[in-house]
Amino acid sequence: MPVLDLATARARSYDICVVGSGAAGMALALSSHGRGLRVLMVEQGSMSPGEANEMPCGVLSRDAAHDPLDQVSCRALGGTLHWWGGRAVPLDPEDFEPLQAGGAAPWPLSYDEYTAWVPQAAEFLGVSDVFSDPLGPPWTALDAPNSDHVERLTKGPKLVSALAQRVLAPDGPDVLLQTAATGLNIAGIEPDATVTGLEVLSAGETTTLQARHFALCAGGLEVARLLLADHRRRGGTDPGMLGRGYMGHLTGSIGTIRLSDPEAIRHFGYTSQGGKRPARRRLMPRIAGQPNIAFWIENLAMDDPAHGSGIQSLKFLALRSRAVGGAFLSAPLRWKLAGEKPLRFWAHLRNIATEPATTAWRALRLLRRRLRSDDRPADLLVPNRSGHYRLAYHAEQLPDPANRVVLTDRTDALGRPLLQIDLRYGPADIEAVLEAHLALAESLSTAGLAEISLVGRREDLLQMIDRQARDGYHQMGLTRMAERPSEGVVDRNCRVFGMRNLFVASASIFPRSGQANPTLSIVAFALRLADHLAREGR
């Protein structure tokens, strides 16, 4: 078993030291090791989430639109894959184009260079690399929105176990657990500085690990903290773009949708075809010069018994129970779906009693898929008598230098400086979401395909979007990829500007957040980095 003690790791020579063991760290370590490189992976946590997660990396500003820090990162082998909702979505071609005419391209590489690695990333996560499923007439007549895009659902919690088995195999890379990275030893000055060692702390012992290359894969906030601490220790004043432009996504629902053909609802739930993992269709309106956004159709909110669905009520009651719901969903996801909602127990019980046979059959089906197939609990669309369904969205947040993280003078239990975290959504972010709703409603109504209902005045809808806008899970933009140091932190090969052998593999390199959930792309860039390091080594 390649889990080492500190003394053994210190005595060995490595081509690459990978800090962090989440999606990026595992992908980079396994791919690099498979290419013949000697790899050491350093993880602060143990095999599963535990006490290490109770040590936050920073503090939130009073009005930050940020989810709790103990829920947005996970210190354990597998990182936030333990809590990941499993939705694999690639970036869009529009993400690689300027938002405004005449502006600079946000990425210093092309969309084709990115997509070359998407099939391998999909395979790593155990899903098909097919993310398009054209609809037949009358939807084919639509120019906008595009209705062909789908997201894929990965396997359940056993995905982490399967990847961990590969990492911990007798012929796998070396691994250090319960070992915290506390600093970088750097020789020389930029632009020719070199990392000579990684300072770590384990069981009260401090030491330095050696490698030819170092890759920071510990999540956006932790990566930014380590780089900012190094910048401070070397006497730096202005960190430039490091820690600036923090981005997440805007997620929520402000309306319902009613399809003109009630039978068409079968095209919009999670479906499996040809043995592929379940996919769900996303509607993608395109508005020139506006951020990207995706819509999908869901059941009416589980917590509202007015939906009249026995299975929805049963799922909500199960999620409200820590003993039952905790066996199926991670604590952050369970809290997000049901933790703060009113209970209304008897109304939900009436829904279950109204259709007991159907509810039992659907519950057994879900349970069987989860236990036997390790399926994530896909939100199966249940037809209802009203024909109305929840219209959900996942929208891009624009980069704003005011959204940033900086070091404070406070430290954590290991002596590392804490971050001050500012993340807010601006008027342009909020208004873009509403404009996308209005554009989608007009397109579908004109085509006679569906009617979207938005309840409230424009001001009310903007306030509703603002209230729902929270993130912190995706941690993008803090070490943005760019053409030159004045515009970002890492170059097109994920190398930190001014450093010969320091790299970043994390959603923090994204210069645009796009509409897509980032995990698939994080893995794609990690695999691309492994290829780059292997070529450089040769």
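This text goes with the structure placed above it.
Because the structure is predicted, anything quoted here is derived from the model rather than measured.

(A) Focus on the overall build of the chain. The helix and strand tally for the chain stands at 15 helices and 18 strands. Its C-alpha radius of gyration of 23 Å places the chain within 12% of the 24 Å reference for a compact globule of 538 residues. Projected onto its principal axes, the C-alpha positions of the chain cover 70 × 50 × 45 Å. In the chain, which comprises 538 residues, the share counted as buried stands at 54%. For the chain, the share of sequence-separated contacts (at least 6 apart) that also reach a separation of at least 24 residues comes to 73%. When the accessible surface of the chain is totalled, it reaches about 22700 Å², and 52% of it is carbon and sulfur. Measuring between centres, the 59 positive side-chain charges of the chain sit 5 Å from its 58 negative side-chain charges.

(B) Examining a nonpolar patch on the surface more closely. Taken together, the side chains of Leu343, Phe345, Trp346 and Leu349 present a nonpolar region at the surface, about 390 Å² in accessible area. Inspection of the secondary structure puts Leu343 in the loop between helix 10 (331–339) and helix 11 (345–354). By relative accessible area, which is 37% here, Leu343 ends up partly exposed.

(C) Just the packing of aromatic side chains, in detail. Considering all chains together, one arrives at nine aromatic pairs under this definition. Both rings, one in Phe96 and one in Tyr111, keep their centres 5.6 Å apart while their planes meet at 70°; by these two values the pair is edge-to-face. One end of the pair, Phe96, is in the loop between strand 4 (87–88) and helix 4 (111–115); the other, Tyr111, is in helix 4, and 15 residues separate them in sequence. Residue Phe96 is classed as buried on the basis of its relative accessible area, which comes to 8%.

(D) Summary view of the sheet that holds strand 2 (residues 39–42). An order of 6-2-1-10-18 is seen for the five strands of this open sheet, with the pairing classed as parallel. Looking along the sheet, the strands with just one partner apiece sit at the ends: strand 6 (174–176) and strand 18 (502–504). Averaged over all adjacent pairs, the angle separating strand axes in this sheet is 20°, with direction ignored. Looking at chain direction, strand 1 (residues 16–19) and strand 2 are connected through four bridges and run parallel. From the neighbouring strand, Cys17 faces strand 2, where its bridge partner is Leu40.

(E) Quick look at the pairing of strand 11 (residues 249–259). Counting buried positions along strand 11 yields eight of eleven residues, so the element is predominantly enclosed. Judged from the nine bridges that link them, strand 11 and strand 14 (residues 388–396) form a sheet pairing that is antiparallel. If you follow Thr251 over to strand 14, its bridge partner there is His394. Here strand 11 runs beside strand 17 (residues 450–454); their pairing, made up of five bridges, is antiparallel. Among the inter-strand pairings, Ile257 is bridged to a residue of strand 17, identified as Ile452.

(F) View of the pattern of salt bridges. Counted by the stated rule, this structure contains 30 salt bridges. Linking Asp67 and Arg470 is a salt bridge whose minimum nitrogen-to-oxygen distance equals 3.5 Å. Pair noted here: Asp67 is in the loop between strand 3 (58–60) and helix 3 (69–72) and Arg470 is in the loop between helix 14 (458–468) and strand 18, with a separation of 403 residues, a long-range link. Judged by relative accessible area, Arg470 falls into the partly exposed class, the value being 35%. Here Glu435 makes a salt bridge to Arg458, at a shortest N to O gap of 2.9 Å.

(G) Local environment of the nonpolar core. Counting 138 residues, the largest nonpolar core has Leu28 and Leu444 as the members making the most contacts within it. The biggest single contributor to this core is helix 15 (residues 519–537), with eleven residues. Leu444 has contacts with Trp139, Leu142, Pro145, Ile257, Leu283, Leu449, Ala450 and Ile452, leaving out every residue within four places of it along the chain.

(H) Looking closely at the sheet that holds strand 15 (residues 405–411). In space, the three strands of this open sheet follow the order 3-16-15, with mixed pairing throughout. Each edge of the open sheet carries a strand with a single partner, namely strand 3 and strand 15. When the angles between neighbouring strand axes are averaged without regard to direction, this sheet yields 30°. In the sheet, strand 15 pairs with strand 16 (residues 417–421) via four bridges, with the strands oriented antiparallel. Looking across to strand 16, one finds that Val406 is bridged to Gln420.

(I) Examining the environment of Tyr114 more closely. Inspection of the secondary structure assignment puts Tyr114 in helix 4. Measuring from C-alpha to C-alpha, the distance between Tyr114 and Leu91 comes to 8.7 Å, with 23 residues separating the pair along the chain. Those residues in contact with Tyr114, other than ones at most four positions away along the chain, are Pro90, Leu91, Phe96, Leu109, Ser521, Ala524 and Phe525. Among the polar contacts made by the side chain of Tyr114, one reaches the side chain of Ser521 at a distance of 2.6 Å.

About the cut-offs
Residues numbered from 1 in each chain as written. Predicted model: local features only at pLDDT ≥ 70, side-chain atom pairs only at ≥ 80, totals over all residues. Heavy atoms only, no water. Helix = DSSP H or I, 4+ residues; strand = E, 2+ residues; numbered from the N terminus. Rg over C-alpha atoms; globule rule 2.2 N^0.38 Å. Buried < 20%, exposed > 50% of the residue type's maximum accessible area, 1.4 Å probe, protein only. Contact = heavy atoms within 4.5 Å. Areas by Shrake-Rupley, 256 points an atom, 1.4 Å probe, with all protein chains shown as cover. Lys, Arg positive; Asp, Glu negative; His and termini not counted. Charge placed at Lys NZ, Arg CZ, Asp CG, Glu CD. Patch = residues over 30% accessible without salt bridge, like charges linked within 9 Å, V, L, I, M, F, W, Y side chains within 5 Å. Salt bridge = Lys/Arg side-chain N within 4 Å of Asp/Glu carboxyl O. Phe/Tyr/Trp six-rings, centres within 6.5 Å; stacked < 30°, edge-to-face > 60°. Pairing = 2+ DSSP bridges. Axes fitted to C-alpha atoms, helices over the stretch in contact; angles between N-to-C directions. Core = buried A, V, L, I, M, F, W, Y, C linked by side-chain atoms within 4.5 Å. Polar contact = N/O pair within 3.5 Å; in protein donor to acceptor, adjacent residues only side chain to side chain.

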